[in-house]
Amino acid sequence: MIRFDLENAAWILSLYCLVYCLMVNRRQYKFSRSVKANLLNQHVVFILAVFSLTVTSASSVAGSFLETLSSRQVFFWQYLLHTLYYLFHITLSTCLALYFMDITGAGVGKKEKYFILFSLPYLLVVLLILTNPLSDVCFYMDARGYHRGAWMPLLYACGLAYLVICFLLFFRHIRAISRTDRMEVGALLFLAAVGVVLQALYPQLRVELFAEALTLLGIMMIMEERSGHVDPLTGALNRPALVEASRRLIESGRSSRLILVKLTNLDLFAKLFSSREIDSLILQVAEWLTETAGDYELFHYRDRDFAILVPDEANALADELGGAILQRFEQNWQTGAVNFRLEAELCIVRVPEDVSSLNELDELIAIRFREKNQGTRLVSFHEVSTFRRNRHLAQSLRDAVEGQKLRVWYQPIWSVEEGRTVAAEALLRIDSEEFRGISPEVYIPVAEQCGVIREIGLFVFEEVCRFLRDCDYRKLGLEYVDVNLSVYQFLHDNLAERFEAIREQYGLPRDAINLEITESASMQTPVVEAALEELRRIGYHFSLDDFGTGYSNLVQLIRTSYKNVKMDKSLLWDGDHNENAARLLDNLIRVIRGLGCNVVQEGVETPAQLERSASAGANLIQGYFFSRPIPEQKFLEYLKRGESN
Ligand code: C2E
Ligand code: MG
Ligand code: MG
């Protein structure tokens, strides 16, 4: 008669886990052809643990059943079932310890010796159990039934030791397990331990196997339910899986390599081809990468981003693998009748030397290495870290704004006709050690990206208004001050209103301030144009800055009216040694003057450059030849001394 007790529940539960794990395992890793890769996977250790528990609990139940028959013929089977019970029970605890070694990353990169030492107690116990028919040290059976042998406590001690190892690994490497899973995994371990202790104290309770089955079921649901870790399109592992794997790697402290592969021109193809074609292209890349990565795990963590994880023992291979990938991207990819020439950027990152926390890794994988496409290439980590530095810079900028570290310096603008300083450009400086030696050319774009440009813009505008009011600028011969305006400032509403409120507060006329913009084609959105128009309508004048570089084009000059056009310094400097550049600049200045705009030549450093610019028709000059940007007080002294006159 079969009793429906806890031990029956235990084998039914563990059998369910076993079937489920095997089915899931078939579904996942569909690209992983390497048996070794699968064997090394934590999954296999877990399946082994579940299998051991199934055999253990089934043997226990079958044993109890045979006892009820109490016939001499079943003696052999009873003995066999006891043997199986002990053999697989010790295997279960050993597998569980191995599994915890895996999920906590404690086993990463450990030498064989370590594992041999780890499994020695297990092997010893297995030997004892297998030789028990000769020695009777574990248990023996006589006419009165089953008896524990003299060394039985050793078996229990060994099982308990492996359970203690699980606890130790769990607490020691708790950071390797995601925050959300920690509580549950800890509670499940505790449950198993309670089962063992209860049964040791009250053997008639028979709760141990059931508690263990619940523990495994729980772990399976939390840690092993990996269907959420697989990208349905490619079958490769997905972003949560990458985060999980990286957490383990970082915690283990062993040096590994993460090869990041970013498809940089996929967006372009996505505009030209159907999503079915693009999917099949991505699939093809994934298949090739899986094949090439061999034993190592492939992650497809975003549309156009792949990663291969190369563990520490194969570090040297990472470069080789990187080389092969770069080479492959020199050739076409074909889906259907279409040939794609995909471009990829590769970055080989050392974990944990380059990225020592999950946050850092998360930032890194979120980065697009280059805004502009530069074709297939290997990106050095240093280059990537510049991008990351910019992220820190964004925080420092916010701190500088809050800590009132922003300053405005002035660079004189000299009039060729009047032979004196008539204006100045206001330029931002940050009075902080962290920004020493960092040009606004570096941090202004960062301020634009992170939105701080809004506060900075308003600060500079107000500071210039205050300066003009305090110094009685007209008496000093100043006509206006240039304030640089980023187009990103237009994206925040009410810019014109805010400027007006500040200007009125300081009682200045609108023409005391000249707004400088560099128009980039990409930013010519209706929002920007409307804001520009509004400022123009109420009476602000504009300069077109850095003309001759970037996106500035001649058509803009006809479409929009600029009071000044500021010629970029690079064209002037090129003219020092390139006759064509000199001639082009010369003619450009004439054309722009012909349109009725003032031409300000920036970057004049030498008398020859001054001479060249003036004779071409530039009527305003700005450059180190007269003065570098200087603080307010020095600028006032400069004006009063009339150095440029
Ligand atoms: P920009 O508006 O074209 O400013 C002129 C830049 O050229 C200034 O660099 C100035 O110091 C530099 N310069 C002027 N004459 C010479 C010269 O003879 N030789 C050399 N080597 N350089 C010269 P700075 O101050 O480093 O500013 C760089 C850029 O940062 C500015 O270029 C502007 O685009 C941006 N920027 C500076 N302050 C602000 C600001 O308050 N708001 C905004 N939105 N951008 C700003
Ligand atoms: Mg400027
Ligand atoms: Mg400029």
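Residues numbered from 1 in each chain as written. Chains lettered and ligands numbered in written order. Predicted model: local features only at pLDDT ≥ 70, side-chain atom pairs only at ≥ 80, totals over all residues. Heavy atoms only, no water.

### Things to note about the overall build of the protein chain
Reasoning step 1: Within the protein chain, the regular secondary structure consists of 25 helices and 18 strands.
Reasoning step 2: Within the protein chain, the fraction of its 645 residues that count as buried is 51%.
Reasoning step 3: Summarising the internal contacts of the protein chain: among those between residues at least 6 apart in sequence, 71% fall at separations of at least 24.
Reasoning step 4: As displayed, the protein chain has an accessible area near 31,500 Å², and 57% of this comes from carbon and sulfur atoms.
Reasoning step 5: Between the centroid of the 66 positive side chains of the protein chain and the centroid of its 79 negative side chains there is a distance of 2 Å. (Helix = DSSP H or I, 4+ residues; strand = E, 2+ residues; numbered from the N terminus. Buried < 20%, exposed > 50% of the residue type's maximum accessible area, 1.4 Å probe, protein only. Contact = heavy atoms within 4.5 Å. Areas by Shrake-Rupley, 256 points an atom, 1.4 Å probe, with all protein chains shown as cover. Lys, Arg positive; Asp, Glu negative; His and termini not counted. Charge placed at Lys NZ, Arg CZ, Asp CG, Glu CD.)

### Details of the coordination of the magnesium ion (ligand 2)
Reasoning step 1: For the magnesium ion (ligand 2), the full set of protein donor atoms is E425 (OE), N484 (OD1), E516 (OE) and D545 (OD), at a range of 1.9 to 2.2 Å.
Reasoning step 2: Linear spacing of the donor residues for the magnesium ion (ligand 2) on their chain is E-x58-N-x31-E-x28-D.
Reasoning step 3: Separating the magnesium ion (ligand 2) from the magnesium ion (ligand 3) is a distance of 4.0 Å, and D545 supplies a donor atom to each of them. Taken together, the positions of E425 in strand β11 (residues 420–430) and E516 in strand β13 (residues 513–517) put the pair 91 residues apart, joining distant regions of the chain.
Reasoning step 4: With relative accessibility at 3%, the residue E425 sits in the buried group.
Reasoning step 5: E516 gets classed as buried once you look at its relative accessible area, which sits at 1%. (Donors = N, O, S within 2.8 Å, 3.2 Å for Na, K, Ca; no water.)

### Observations concerning the site of ligand 1
Reasoning step 1: Around ligand 1, the structure places 24 residues, and the nearest of them are E425, D545, K569, E605 and Y624.
Reasoning step 2: Take N484: an N or O atom from its side chain is 2.9 Å from an oxygen atom of ligand 1.
Reasoning step 3: Between D545 and ligand 1, the recorded distance is 2.8 Å, taken from a side-chain N or O atom to an oxygen atom.
Reasoning step 4: Compared with its free state, where it exposes 800 Å², ligand 1 has 89% of that area covered by protein.
Reasoning step 5: Listing elements by their share of the shell around ligand 1, those giving two or more residues are β11, α16 (440–450), β14 (541–547) and α22 (569–574).
Reasoning step 6: No other element matches β11, which puts four residues into the shell around ligand 1.
Reasoning step 7: Looking at side-chain class alone, the shell around ligand 1 contains nine nonpolar, six polar and nine charged residues. (Near = heavy atom within 4 Å. Polar contact = N/O pair within 3.5 Å; in protein donor to acceptor, adjacent residues only side chain to side chain. Nonpolar A, V, L, I, M, F, W, Y, C, P; charged D, E, K, R; others polar.)

### Brief notes about helix α9 (residues 208–224)
Reasoning step 1: The end-to-end C-alpha separation of α9 is 22 Å, in line with the 24 Å expected for 17 residues at 1.5 Å each.
Reasoning step 2: For α9, the buried fraction is high: 13 of the 17 residues fall into the buried class. (Expected span 1.5 Å × (residues − 1).)

### Some details on the coordination of the magnesium ion (ligand 3)
Reasoning step 1: For the magnesium ion (ligand 3), the full set of protein donor atoms is D545 (OD), D546 (OD), E602 (OE) and E602 (OE), and the range of their distances to it is 2.0 to 2.4 Å.
Reasoning step 2: Counting along the primary sequence, the residues that act as donors to the magnesium ion (ligand 3) give the motif D-D-x55-E.

### Overview of the side chain of D305
Reasoning step 1: Looking at where D305 falls in the secondary structure, it is placed in strand β5 (residues 305–310).
Reasoning step 2: Overall, the relative accessible area of 2% leaves D305 in the buried class.
Reasoning step 3: A polar atom in the side chain of D305 sits 2.6 Å from the side chain of R302.

### Digging into the sheet that holds strand β3 (residues 256–263)
Reasoning step 1: Ordered by their spatial adjacency, five strands build an open sheet running β4-β5-β3-β8-β9, and the pairing between neighbours is mixed. Both edges of this open sheet fall to β4 (297–302) and β9 (377–378), since each of them pairs with a single strand only.
Reasoning step 2: One ladder, built from two bridges, connects strand β8 (residues 344–351) with β9; its direction is parallel. Across the sheet, residue E345 finds its bridge partner in β9, namely R377.
Reasoning step 3: Relative to β4, helix α10 (residues 239–252) is tilted by about 125°, and along the sheet it contacts β3, β4, β5 and β8.
Reasoning step 4: Here helix α12 (residues 275–293) sits on the sheet in contact with β4 and β5, set at roughly 10° to β5. (Pairing = 2+ DSSP bridges. Axes fitted to C-alpha atoms, helices over the stretch in contact; angles between N-to-C directions.)

### Looking at the domain arrangement of the protein chain
Reasoning step 1: Domain boundaries in the protein chain define domain 1 (6–227), domain 2 (239–379) and domain 3 (404–641).
Reasoning step 2: A separation of 38 Å is found between the C-alpha centroids of domain 1 and domain 2. (Domains from an automatic or database assignment.)

### Examining the pattern of salt bridges
Reasoning step 1: If you walk through the whole model with that rule in mind, you get 32 salt bridges.
Reasoning step 2: Here R503 makes a salt bridge to E504, at a shortest N to O gap of 3.8 Å.
Reasoning step 3: Classification of E504 as exposed rests on a relative accessible area of 52%.
Reasoning step 4: In this structure, the salt-bridge partner of D576 is R612, at a minimum N-O distance of 2.7 Å. (Salt bridge = Lys/Arg side-chain N within 4 Å of Asp/Glu carboxyl O.)

### Re the environment of A318
Reasoning step 1: Checked against the element boundaries, A318 lands in helix α13 (residues 315–328).
Reasoning step 2: Through-space distance from the C-alpha of A318 to that of I259 is 7.3 Å; in sequence the pair is 59 residues apart.
Reasoning step 3: With sequence-adjacent residues up to four places away left out, A318 is seen in contact with R257, I259, V310 and I348.

### A look at the confidence of the model for the protein chain
Reasoning step 1: Overall, the predicted model of the protein chain reaches an average pLDDT of 87, with 92% of residues at or above 70.
Reasoning step 2: Confidence drops under a pLDDT of 50 for residues 27–40, and excluding neighbours within four residues, the segment shows 26 contacts in the predicted structure. (pLDDT = per-residue confidence, 0-100.)

### A closer look at the pairing of β11
Reasoning step 1: Burial runs high along β11: nine of the eleven residues are buried.
Reasoning step 2: Taken together, the ten bridges between strand β10 (residues 406–415) and β11 define a ladder with antiparallel strand orientation. Each residue of the ladder has a partner; that of V408, found in β11, is L428.
Reasoning step 3: Where β11 and strand β12 (residues 480–485) come together, four bridges link them in parallel fashion. Looking across to β12, one finds that A426 is bridged to V483.

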